[in-house]
Structure formats: C-alpha cells, structure tokens
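One-letter residues, chain by chain:
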Amino acid sequence: MYDDDKATPGTDETLDGVSRRSALWAAGAAGAGLGLGGALGAAGPAAAAGNAARPSVAEADAWPARQGRTMAGVPFERRSTVRVGMIGLGNRGDAMIDLFLALPGVKVVAVCDPVRAKAEKAAAKVVKAGQAAPALYAKDEDDYRRLCARGDIDFVYVATPWDAHHEMCKAAMLNGKHVGVECPLAMRMDEIWDLVNISERTRRHCMQLENCCYGRNEMRVLRMAHAGLFGDLLHGAGAYNHDLRELMFDPDYYEGPWRRLWHTRLRGDLYPNHGFGPVGNYMDVNRGDRAVSVVSLGSPALGLAEYRAKHMPPGDPSWKESYVGSDRTISLVQTARGRVIRLEHDVSTPHPYSRINSLGGTLGVFEDYPPRIYLEPGNTDHRWDDFGKYAEWDHWLWKEHANPPGGHGGMDYLMLFRLMQCMQLGLVPDFDVYDAATWTAPVPLSHVSIRAKGAPQPIPDFTRGEWKKARPGVDSKKPAA
C-alpha cells in the first residue's frame, strides 16, 4: 500500500524556542531537494527561530523568482477524449473510479496500487463499464513512476497518503501530464513551492481536487456573493470538523496508521482545504485578493489518547504513539483587502460533522450546518431566513445535474465533470496550482504559528503578483458547446 507507517514519531528538538522541524515545515524554498540547512536559509522567507527577523506581511512578496511562466489563465489543450491514469485505489480512489467511468469522453487507461487486489478490482470495474482493460501497475510503491511515463495518458489522478502527494504530482508533470490530487497538496512549504515551480516550467496544470468548492450550497453562495447580494465582503469561515477517531484507529479503513501518525508530528491544521477553498472562492482569493498571513492557536492534544485508552487493547501498536496535534485548531487568515477568514480543524473529539461554511458582508450573512441566511433589505426582523428561497442562484452545473451520482451529495461528480469538460473543450480550469498551494499553506504555517505561541506567519504570494488581476474561477459560465 502507499503508506508512511514506517515513519516513527520523533522529538521536537528546539532551536531558540522554535523547533528545527517547525522551521523546515515553514521554509519557503525555491526548488526541490532542499535539506534542513537549505530550508532555513534559502531564498524564500522562513519562519526561522527565536529572535531571527521574521518577515513582515509587506516583505512576503519577495518569494522565489519564477522559473517558468505563470499558469494563471492557461487553458488545457483541447481533446475529444481524456485518457486517465489513477494512482491510489483505496477508499477514495475506489469510489472515484466509478465517477470517472460515468463521465462521457473519459477513458481509464492505467491503474496503480501496490496492493494488487485493489488494482485488479479497479481494472474489473473499467472492463465492466465497457472500456478496454487498463494497464496494471502493482509491482511496488514506485510503480506509479512507470504509469506516469506512459505516452497515452493525459491526466493523472492521485489519491494516496499525504506523504506521497509531492513526488507523485512531480512525476506526473515531469512526464508531461496534467495532475489532480486529493487534499492536501503537500505537507511542507518547500514541497508546495516545488510543485508551483514545476507546473510553471512544464506548462502542466497541478490541481487540488477540492470537491467542497462544488457543493450546492457553496456554489449558490458563490454566485450570490459575486452578484453583490452580501454587499462588500468582510469575513468568512470554513472548517473540517469531523470526528474521525474510530476510523483513524481502524487498521483496515486507512490501511495502517498513516493518517493518525500525522497527529504525532504536526500541531496545526492538517486539512484546511475543505474550509479554505470555498471561502477563498467567495472572496476571489488569487483573483483580485490574496491571503497574506495566518495566525493559529491550538488546544491541548487529548482526544486521541483518551479514545485509545477506552477502545484499544494493551499491546496495540498505537500505545507507542505520543500525540501532539491540537484537538481543535483555530486559524485566522488576513487578506490583502483586509478581510478575515476563520479556519477550524478537529478530527479527534466527539462532535457532529461541520464545515461551518459562512460568509458575511455589509448587507448580511450566510451560515451553514444548517443552512440559513439573513440579507438586507429583505430581512429586518433579526431572524434567520430560509436559504431555500434562493434556489434561483444555483450554479448552472447544479441546474443541469439536479441529482448527480456519487458520494458527498454529488459534489465529487460535478467536480470531475467540470474538470473533464474543461480538458475536452480546451478551457482554463476552474482552479490551478496557485489555489492548491494557497489552500494547503496553512498545513505547515499553522504548525509554526502554534509553536511560536500564535505568532503571525506570512502566506507566500504563490502567484507572484498575478493575484491582482481579476479572472474567472469556479463561478464559471456555461460553455456554449
């Protein structure tokens, strides 16, 4: 399996009050392969230690020089059929292959997973759907490189443990393939920068497949915000608050402890994308505004240890683990236009599922879970209104696909439908590598901010100035053809 369970928790060795590991996670590095020394002293600002000068938000524009050309606004090459290679066929990959096979003009030509039974199961689905048997790559954990080297693949889909995302996306682009990856994009800032640079050099798109951007409520609020119904936007919030304790201790669901082990390594927000993506879209982040800094605070790490004590037998390997990941992480992102985005992450305490998904402006506010809205001039009694009254603002994708197939309420299918449509028609994708990098940046930066007792961390301008130009995003127009 694609797994990082060989890694073992280590100590957080400090360097003048901020750990060496923390500095590595936050380093802004220009290229790949930088070790600790390079990460601490390379071209980009690093949240380095102690009394060393921490770059101000104003200074944070001095990021690594562009190695290629911007990928903002770059369309796909038009093609009638999109040939897909899939890497990772666990729970997520196994569900997503059904949706790829349901899309018109899409062929799955290769599948890869080191657990051969999973690859064979996926191949059987392809044949059952009436397509030719795909090539199987199940030799070892490096077999994905051979898949990426094939000449008959246009798009590589990656759904593997987080450690592998950077190398797999890199291999796809260096072999001339566009790539879409499940969140988060990567786990370290130097890896994030590396994928931005490779995308620009190779002219291949590297996209975060952020399905929550395609939720019905999210897309309706997006269109309403862009139409001015909320007035001038002021604040928003998003989250991944999802009780995963039972699943993280289930050896079959995650095929080992890879996800749980991240709670022994990082203290911050491990999964900001589901919350950050939709709110960033509302506010046109990277398309007229940009995220400039993040401040994070974290609660004690108690939930996983308490769950283990109640449910895991003596001698279970999990008893060797020491958890440091905050049970609840709260981060505040400031944008260049002065707006505030609140992000939350909590997967280790008991609570109902919520992505929060709220947006406020000078004319009112929307809050989800459950959905409710209050907008002037229609609302004047200080009572929530029915969000269902605003169905006319549904995105055209939801009007065309009222009952889309697949999980997560259909958002997975609509995301893939739109992505494949953009590739087939030669359109600019709804989001790009800069969005992927921005939505993922809080992973390393929240860890450093918490370690530094809430000190603000600058968020790089991954677009290198392109954010100042307004351009379309997920709030797309229906194609003529």
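Residues numbered from 1 in each chain as written. Predicted model: local features only at pLDDT ≥ 70, side-chain atom pairs only at ≥ 80, totals over all residues. Heavy atoms only, no water.

This paragraph deals with helix α4 (residues 116-128). Helix length check: α4, at 13 residues, gives a terminal C-alpha distance of 18 Å against a target of 18 Å (1.5 Å per residue), a fit within 8%. What α4 keeps buried is the set Ala119, Ala122, Ala123 and Val126. For α4, the angular spread of buried residues about the axis comes to 100°, placing them on one side. Relative to its buried face, α4 has exposed residues pointing more than 90 degrees away, namely Ala117 and Lys128. Buried residues along α4 sit in contact with α3 (91-102), β4 (106-112) and β5 (135-137). Looking one or two places after α4, you find Gly130, whose phi comes out positive at around 95°. (Helix = DSSP H or I, 4+ residues; strand = E, 2+ residues; numbered from the N terminus. Expected span 1.5 Å × (residues − 1). Buried < 20%, exposed > 50% of the residue type's maximum accessible area, 1.4 Å probe, protein only. Arc of directions from axis to C-beta. Contact = heavy atoms within 4.5 Å.)

Right, let's get into the pattern of salt bridges. Side-chain pairing between opposite charges can occur once the charged atoms of the two side chains come close. Applying the stated rule across the entire model yields 35 salt bridges. Its salt-bridge partner being Arg150, residue Asp152 comes within 2.8 Å of it at the nearest N-O pair. Classification of Asp152 as partly exposed rests on a relative accessible area of 23%. Between Glu344 and Arg342 there is a salt bridge whose closest N-O contact spans 3.1 Å. Judged by relative accessible area, Glu344 falls into the buried class, the value being 10%. (Salt bridge = Lys/Arg side-chain N within 4 Å of Asp/Glu carboxyl O.)

Listed as buried for helix α12 (residues 303-311) are Gly303, Leu304, Tyr307 and Arg308. The arc that holds every buried residue of α12, seen down its axis, measures 130°, which confines them to one face. Residues of α12 that are exposed and point over 90 degrees away from its buried face: Ala309 and Lys310. Of the surrounding secondary structure, the elements contacted by the buried residues of α12 are α9 (245-248) and α10 (258-261).

Another aspect to go through is the sheet that holds strand β15 (residues 372-375). The eight strands lie next to each other as β15-β14-β13-β9-β12-β11-β10-β16, forming an open sheet whose pairing is mixed. Where the open sheet ends on each side, the last strands, each with one partner, are β15 and β16 (457-458). The sheet contacts of helix α11 (residues 273-282) involve β9 (233-241), β10 (291-298), β11 (329-335), β12 (340-346) and β13 (358-361), and relative to β9 the element is tilted by about 160°. (Pairing = 2+ DSSP bridges. Axes fitted to C-alpha atoms, helices over the stretch in contact; angles between N-to-C directions.)

Our focus in this paragraph is the packing of aromatic side chains. Counted by the stated rule, this structure contains 17 aromatic pairs. Taking the centre distance of 4.6 Å and the plane angle of 55° together, the rings of Tyr240 and Tyr271 count as tilted. In this pair, Tyr240 sits in strand β9 while Tyr271 sits in the loop between α10 and α11, placing the two residues 31 residues apart along the sequence. Centre to centre, the rings of Phe366 and Phe387 are 4.5 Å apart; their planes meet at 45°, and the pair counts as tilted. Of the two residues, Phe366 is situated in strand β14 (residues 364-367) and Phe387 in the loop between β15 and α13 (396-400); the sequence distance between them amounts to 21 residues. Just as Phe366 is buried, Phe387 falls in that class too. (Phe/Tyr/Trp six-rings, centres within 6.5 Å; stacked < 30°, edge-to-face > 60°.)

Taken together, six strands build an open sheet; the order of strands is β5-β4-β3-β6-β7-β8 and the sheet is parallel. Two strands lie at the open edges of the sheet, namely β5 and β8 (206-208), each paired on one side alone. Neighbour to neighbour, the strand axes of the sheet diverge by 25° on average, direction disregarded. In this sheet, strand β7 (residues 178-181) lies alongside strand β6 (residues 155-158) in parallel orientation, the contact comprising four bridges. Counted as the bridge partner of Val158 is Val181 from β7. Strands β3 (82-87), β4, β6, β7 and β8 of the sheet are contacted by helix α14 (residues 411-425), whose axis makes an angle of about 140° with β3.

Attention now moves to the state of the cysteines. Under the criterion given, the structure shown has zero disulfides. A disulfide-free cysteine, Cys112 has its sulfur positioned 8.1 Å from the sulfur of Cys148, the nearest such atom. (Disulfide = S-S within 2.5 Å.)

The element β4 is extensively covered by neighbouring structure, given that six of its seven residues are classed as buried. Regarding the hand of the β-α-β motif, the stretch spanning β3, α3 and β4 is right-handed. For β4 and β5, the ladder comprises three bridges, and the chain directions are parallel. By the bridge assignment, Val111 is partnered in β5 with Leu136. In this view, the connection linking β4 to its parallel neighbour β5 by way of α4 has right-handed handedness. (Right-handed = clockwise from strand over helix to strand, strands pointing away.)

Turning next to the packing of α3 against α14. In contact at an axis separation of 10 Å, α3 and α14 are set at 55° when each is read in the N-to-C sense. Considered as vectors, α3 and α14 are oriented oblique to each other. In this structure, the crossing between α3 and α14 has a hand that is right-handed. In this structure, α3 uses Arg92, Met96, Leu99, Phe100 and Ala102 to contact α14, whose residues at the interface are Asp412, Tyr413, Met415, Leu416 and Met420. (Parallel < 35°, antiparallel > 145°, perpendicular 65-115°, else oblique. Left-handed = near helix turned anticlockwise from the far one by under 90°.)

Considering the arrangement of structural elements, one finds Leu266 in the loop between α10 and α11. Classification of Leu266 as buried rests on a relative accessible area of 0%. Residues Leu266 and Met187, spaced 79 residues apart in sequence, show a C-alpha to C-alpha distance of 9.8 Å.

When β10 meets β11, the two strands line up antiparallel, connected through seven bridges. Bridge pairing links Ser293 to Gln334 in β11. Here two bridges tie β10 to β16, and the two strands are oriented antiparallel to one another. Paired with Ser293 across the bridge in β16 is Pro458.

With that out of the way, let us pick up the confidence of the model for the protein chain. Summary statistics for the protein chain give a mean pLDDT of 88 and a share of 87% for residues scoring 70 or more. Segment residues 1-61 is flagged for pLDDT under 50; beyond a separation of four residues in sequence, or across chains, it makes 135 contacts in the model. (pLDDT = per-residue confidence, 0-100.)

This brings us to the nonpolar core. If you look at the biggest cluster of nonpolar residues, it comprises 105 residues, and the most contacted ones within it are Phe100, Phe155, Tyr214, Phe230 and Met420. In terms of residues, this core owes the most to one element, α14, which gives 10 residues. Split by domain, this core shows at least three residues from each of two domains, domain 1 (82-208) and domain 2 (212-395 + 430-468). Ignoring anything within four residues of it in the chain, the contact list for Met420 reads Val82, Val84, Phe100, Leu103, Val106 and Phe155. In this structure, Tyr254, Tyr307, Val347 and Val443 belong to the second largest nonpolar core, which totals 19 residues. (Core = buried A, V, L, I, M, F, W, Y, C linked by side-chain atoms within 4.5 Å. Domains from an automatic or database assignment.)

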